[in-house]
Amino acid sequence: MGPDQDQRGGIGSTNYQAAGNIYINTGPPLSESTGSLPGWVRLTPKFLATRKPRVDLEEYFDGSAPDWKDVCHPNLRPRPVVTKIVQEFLSRDLEDRSILLRIGGATGDGKSTVLMQAAATLAREERFQAIYWRSGPNARLTSNELDSIRSSSRTILIASDDAEALLADIDKLAQSKLHEEDLFVHFLLASRDIDWNGERDRLGWKFSIAARWEPNFRVLPAVQVGGVEPADAKVVSQNWVDCSTSRPARLTSNNVDQIAKDMLSASRASEGRQAFMGGLLSMRFDSERLRSRLLSLLSRLSTVYPGLQLEVSLADFLVALAAIDIGELSGLPRDISAQFLGVSESDLRPKVEVPMKREFFLGASSRAFFARHPSISKAMLELALGDESNLQVESSLEKLIRDVRNVGYQAGFRPGFGQLTDLGRRLSKGSVARELINPLALHLCRTACTVAPRELSTFLALSQTLRESGQPLLAISEVWAIQAPRLDDPAAWGDYTDHVRGGWTEFASSLGTAEYEWSSFWAAQVSISDRISVPIAGPDVSIALNLLALNAKRACARFGDCKEVTDLLIETEALTCSPGSAFFHEKRYATRYLLELGITPRPFGGPTALVAAIHRARAMMRTSQPSISLHDQIADPRDHSFNMLLERLSR
């Protein structure tokens, strides 16, 4: 969330009256002279000097988004990267051409604080005749805005968080206004990498921004702030000691060097995912403090406040964001958020962002809302699913899946909608305990099948989730008894071309896990046979061959006589386990099977030898075990024809 001025006073904000810790709109925006750029604040030494800092920055240190009252604290030291950014501007000719520098990183990496501290330092240096800070989410930067300040300023710095919202405006200016002789406009921006790149893709730009805007712009390499270096840890630790009187449980002393050492260790333990905030949270919250904080938050937000007029509570919304984070998705788009909450997109700021601005869980950009760190999301979702919570997580996330589909039908299914529909399967693979998450994951998978009955991918996800939760027989009866006969009908599925071969391999996996080796062998064989007219891709071949090898090996272990299996394993291993092969499978199952049987690998015998091995193994498998009735009902002579496979292997 960008550090706009909030209900505690500032520019371009709205007056809010507290109701618990929720703020209800009670009046018009506060005002202060900002030049003539609507939605922008002019940063001056006077403006910064009049920001009354908070006495204690505990809330900010615990992960809340910063505002000017935090940044202007006299004892808050900047990270070393702030000096680097400031020097990039101070060392350059500001009347040569426009300079753009973006601060990038993931959620919680400290982009907003670094941006604000750099902008404040540049304002105090007074190298620019004017510095404008984007204080409102709808603030624009068009030629009209620049014309309105042209007479009073020649060198201007535009500073903005959530800067992807300005990309289209800057692009238009880059073609005209920014290289006129009497005006030099420079940009200091911050944006999540995923939002910046996503907006660039949405605009349809084929080249990099630097290539697009040269020679009118000097686009500097983005400054990434996600890592934690010893100097960062030292500054943050000193700030904790100097700017807050509270001492969280894991800060056992005022020894800055020891705190910094512990923070470095905690950040590295985050395994690279949002390491900066991971280290911060690990240091400031033990499990009990985090649990207590989240319980309090959910309790406060579980009421649907009449003044906010939402269809679901803000607690439901945060739990949805936690689930999306656990599913390793990048956030919930604003249009879907509005649908879920039952408000217009224009109401998201006054009814969600401003009331929730100081809550450490919520993040927002111009494109999406998101949870701020996986460790918080995991704790949040576990609490919401536990006995202490009255939240109806299942029904609210079911509503979310339906809302995703509704928005898709209304606005077009842009990239990412399928991933949100697949939330159930993604949750089943997440970090929450399986016994806690599986009932929810399965419910969401079934909901996806209901709302998207023509998407084969939703049934694959349900089957996989059932199979991996130890219920392969239910996957067969609930999914494949109905859907397998429809796999021959391209008209039945909107995503037939993308998923029909995967459908057969998932069907095969369910049969194999249920110990129907012969029927599983048959279904895996169908996935690469001429029965399917869709072209065969490399991964289709490697997955199917490994399934064939696995089921043949299982049958051999049960019934003996493994010569046919040996031939298939040797050919499969040679094709899928050689790192240079186009059909390489990273788990190299066939190599493991050969080692278990004490067989020495051999070079690949060629496409014809492989197909011959499949036929021989099939003949052995057919006599070793009866097939299930569904197999007999839908078997087809084309199942044993591999002309497309031979052509693919011969390329």
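From a predicted model like this one, the values you see are computed outputs, not experimental measurements.

A. Layout of the packing of helix α26 (residues 538-559) against helix α27 (residues 563-576). Following both chains from N to C, one finds α26 and α27 inclined at 150°, their axes separated by 10 Å at the closest point. Judged on the interaxial angle alone, α27 and α26 are roughly antiparallel. The chirality of how α26 crosses α27 is left-handed. Seen from α26, the contacting residues are V541, S542, L545, N546, L548, A549, A552, K553 and C556; seen from α27, they are V565, L568, L569, T572, L575 and T576. A class-by-class count of the residues in the contact of α26 with α27 yields 10 nonpolar, four polar and one charged.

B. Highlighting the pairing of strand β5 (residues 130-134). Most of β5 sits inside the fold, with five of its five residues counted as buried. Neither face of β5 is left uncovered, since the one carrying A130, Y132 and R134 and the one carrying I131 and W133 both have all their residues buried. Bridge count between strand β3 (residues 40-42) and β5: three bridges; the pairing is antiparallel. The residue bridging R42 from the neighbouring strand is Y132, located in β5. Where β5 lies against strand β6 (residues 155-160), four bridges are found, and the strand directions are parallel. By the bridge assignment for β6, W133 is matched with A159.

C. Here's a closer look at the packing of helix α13 (residues 287-301) against helix α14 (residues 314-326). Axis separation between α13 and α14 bottoms out at 7 Å; the angle between their running directions is 135°. Put simply, α13 runs oblique to α14. Facing α13, whose interface residues are L297, L298 and L301, α14 presents L314, A315, L318 and V319. Looking at side-chain class alone, the contact of α13 with α14 contains seven nonpolar, no polar and no charged residues.

D. Main features of the sheet that holds strand β10 (residues 332-333). An order of β10-β12-β11 is seen for the three strands of this open sheet, with the pairing classed as antiparallel. One side of each edge strand has no neighbouring strand; the edge strands of this open sheet are β10 and β11 (362-364). Bridge count for β10 against strand β12 (residues 368-371) is two bridges, and the pairing is antiparallel. Residue pairing for β12: L332 is matched across the bridge by F369.

Basis of the calculations
Residues numbered from 1 in each chain as written. Predicted model: local features only at pLDDT ≥ 70, side-chain atom pairs only at ≥ 80, totals over all residues. Heavy atoms only, no water. Axes fitted to C-alpha atoms, helices over the stretch in contact; angles between N-to-C directions. Helix = DSSP H or I, 4+ residues; strand = E, 2+ residues; numbered from the N terminus. Parallel < 35°, antiparallel > 145°, perpendicular 65-115°, else oblique. Left-handed = near helix turned anticlockwise from the far one by under 90°. Contact = heavy atoms within 4.5 Å. Nonpolar A, V, L, I, M, F, W, Y, C, P; charged D, E, K, R; others polar. Buried < 20%, exposed > 50% of the residue type's maximum accessible area, 1.4 Å probe, protein only. Pairing = 2+ DSSP bridges.

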